[in-house]
Amino acid sequence: ETGVTQTPRHLVMGMTNKKSLKCEQHLGHNAMYWYKQSAKKPLELMFVYNFKEQTENNSVPSRFSPECPNSSHLFLHLHTLQPEDSALYLCASSQGPAATISYEQYFGPGTRLTVT
Amino acid sequence: DQQVKQNSPSLSVQEGRISILNCDYTNSMFDYFLWYKKYPAEGPTFLISISSIKDKNEDGRFTVFLNKSAKHLSLHIVPSQPGDSAVYFCAASASGQDSNYQLIWGAGTKLIIKP
């Protein structure tokens, strides 16, 4: 596998379920991100990890819980979600603090989440 | 309040003609700008970028122009091809200690290339 992969690609869950989204990057990057994309809205940054340390949490509700066990893997644990949480969840990676110029982020294909 | 705005939700252009996508920003601290392209069922892919020390960057059919005084940038695609049909996102970032490599995104413009 190359680039950034995400599983599952589609997920339907009830409001009482617990599920996890997985992201893996094969680019040797040090920073990883979770974004939420709702229809016709800008990408919303949720979490940032640099060298496995969470450096940003953009006021995300606690029903979303990230985990970064190493610089190649990122999880988003979901529990007691609401229907308005239905969206495309995108994972991205970048070189992170070591890069002085490049802000390019490389994205996975996303997980289409539907909360019923 | 959105710091990066793409005011055209969609744009339709004839194949072979020039496509011009626009982006406005409000934060004067932004010093690096990127364009991403997104196909359905895929994540955004990086297309082209420009630093605030330049006013133009060209890569093949794609050229990005930056007008700092107007806080405006545009992406020109010429000639437009059917494979260019996608959603285009503008993103901006501010360097510095607190930037944390965060990109601030526009809402996207859907480009449709007509044959």
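Above this text is the structure in question.
Everything in this summary refers to the structure shown in the same document.

1. A few points about the sheet that holds strand β1 (residues 4–7) of chain A
All names here are of chain A.
Phase 1 of the analysis: Ordered in space as β1-β3-β8-β7, the four strands form an open sheet in which the pairing is antiparallel. Each end of this open sheet is capped by a strand with a single partner; those strands are β1 and β7 (64–70). Here the average twist between neighbouring strands, direction ignored, is 20°.
Phase 2 of the analysis: For β7 and strand β8 (residues 73–79), the ladder comprises five bridges, and the chain directions are antiparallel. Bridged to E67 within β8 is F75.

2. Here's the deal with the pairing of strand β6 (residues 53–57) of chain A
All names here are of chain A.
Phase 1 of the analysis: With four bridges joining them, strand β5 (residues 44–50) and β6 adopt antiparallel strand pairing. Looking at β6, one finds that F47 is bridged to N57.
Phase 2 of the analysis: In this antiparallel pair of consecutive strands, β5 and β6, the connection spans two residues, and F51 shows a positive phi of 50°.

3. Quick look at the interface of chain A and chain B
Phase 1 of the analysis: Taken together, the contact pairs 28 residues of chain A with 21 residues of chain B.
Phase 2 of the analysis: In this assembly, chain A and chain B are joined by zero salt bridges.
Phase 3 of the analysis: Of all the elements in the fold, those that place two or more residues in the side of chain A that touches chain B are β4 (31–37), β5, β6 and β9 (87–94) of chain A.
Phase 4 of the analysis: Partitioned by chemical class, the residues of the side of chain A that touches chain B number 14 nonpolar, nine polar and five charged.

4. What to know about the state of the cysteines
Phase 1 of the analysis: Scanning the entire structure with this criterion turns up two disulfides over all chains.
Phase 2 of the analysis: Note that C23(A) is cross-linked by a disulfide to C91(A), the S-S spacing being 1.8 Å. Torsion about the S-S bond of the C23(A) and C91(A) cystine: about -70°, corresponding to left-handed handedness. Taken together, the residues span a long stretch of sequence, with C23(A) in strand β3 (residues 18–25) and C91(A) in strand β9 at a distance of 68 residues. Comparing C23(A) with C91(A), the two get one shared label, buried.
Phase 3 of the analysis: The partner cysteine of C23(B) in its disulfide is C90(B), sulfur to sulfur 2.0 Å. Its S-S torsion of approximately -75° makes the covalent link between C23(B) and C90(B) left-handed. Of the two residues, C23(B) is situated in strand β3 (residues 19–25) and C90(B) in strand β9 (residues 86–93); the sequence distance between them amounts to 67 residues.
Phase 4 of the analysis: For C68(A), which is in no disulfide, the shortest distance to another cysteine sulfur is to C91(A) and amounts to 9.0 Å.

5. Topic: a nonpolar patch on the surface
Residues and elements named next belong to chain B.
Phase 1 of the analysis: On the surface, I18, I20 and V78 cluster together into a nonpolar patch covering about 220 Å² of accessible area.
Phase 2 of the analysis: Relative to the elements of secondary structure, I20 occurs in strand β3.
Phase 3 of the analysis: In this structure I20 comes out as partly exposed when scored by relative accessible area, which is 36%.

6. Considering the nonpolar core
Phase 1 of the analysis: Within the largest apolar cluster, 24 residues are counted, with the highest numbers of intra-cluster contacts made by F33(B), W35(B), L73(B), L75(B) and Y88(B).
Phase 2 of the analysis: At the level of secondary structure, the elements contributing two or more residues to this core comprise β3, β4 (32–38), β5 (45–51), β7 (62–67), β8 (72–77), β9 and β11 (109–114) of chain B.
Phase 3 of the analysis: Per-element accounting of this core gives the leading share, four residues, to β9(B).
Phase 4 of the analysis: Once residues within four sequence positions are removed from consideration, F33(B) is found in contact with Y25(B), I48(B), S49(B), I50(B), L66(B), L73(B), A91(B) and A92(B).
Phase 5 of the analysis: In terms of nonpolar packing, the next biggest core, distinct from the first, is built from 22 residues, V4(A), L11(A), C68(A) and C91(A) among them.

7. As for the pattern of salt bridges
Residues and elements named next belong to chain B.
Phase 1 of the analysis: Tallying each qualifying case throughout the model produces four salt bridges over all chains.
Phase 2 of the analysis: A salt bridge links R61 to D84; its shortest N-O distance comes to 2.8 Å. Pair noted here: R61 is in the loop between β6 (56–59) and β7 and D84 is in the loop between β8 and β9, with a separation of 23 residues, a long-range link.
Phase 3 of the analysis: The exposure class assigned to R61 is partly exposed, which follows from its relative accessible area of 21%.
Phase 4 of the analysis: Using a relative accessible area of 1% as the deciding quantity, one classes D84 as buried.

Each value, and the rule that gives it
Throughout this document, residue positions are counted from 1 along each chain, in the order its sequence is written. As they are written, the chains are lettered A onward and the ligands numbered 1 onward, keeping that order. Per-residue local features of the predicted model are confined to residues with pLDDT of at least 70, and side-chain atom pairs are confined, for both listing and counting, to 80 or more; whole-chain, interface and lining totals are unaffected and use all residues. Excluded from the side-chain calculations are hydrogens and water; all other atoms, namely the structure's heavy atoms, are used. Strands qualify as paired when DSSP identifies two bridges or more between them. Secondary structure is summarised from DSSP: a helix means a run of H or I of at least four residues, a strand means a run of E of at least two, and numbering begins at the N terminus for each. To define axes, lines are fitted to C-alpha atoms, for helices over the stretch in contact only, and angles between the resulting N-to-C directions are given on a 0 to 180 degree scale. Contact definition: two residues touch when any of their heavy atoms are within 4.5 Å. Note on definitions: salt bridges are taken to be side-chain nitrogens of Lys or Arg within 4 Å of carboxyl oxygens of Asp or Glu. Gly is put with the polar residues, along with every residue not named as nonpolar or charged; the nonpolar set is Ala, Val, Leu, Ile, Met, Phe, Trp, Tyr, Cys and Pro, and the charged set is Asp, Glu, Lys and Arg. Any two cysteine sulfur atoms within 2.5 Å of one another count as a disulfide. Any residue under 20% of the maximum accessible area for its type is buried, any over 50% is exposed, and the rest in between are partly exposed; the area is computed with a 1.4 Å probe on protein chains only. Like-charged residues within 9 Å of one another, or nonpolar side chains (Val, Leu, Ile, Met, Phe, Trp, Tyr) within 5 Å, are grouped into patches, provided each residue has over 30% relative accessible area and no salt bridge. In short, Shrake-Rupley with a 1.4 Å probe defines the accessible areas, and a residue's cover is counted only from the protein chains shown. Buried Ala, Val, Leu, Ile, Met, Phe, Trp, Tyr and Cys residues that are joined via side-chain atoms within 4.5 Å together make up what is termed a nonpolar core.

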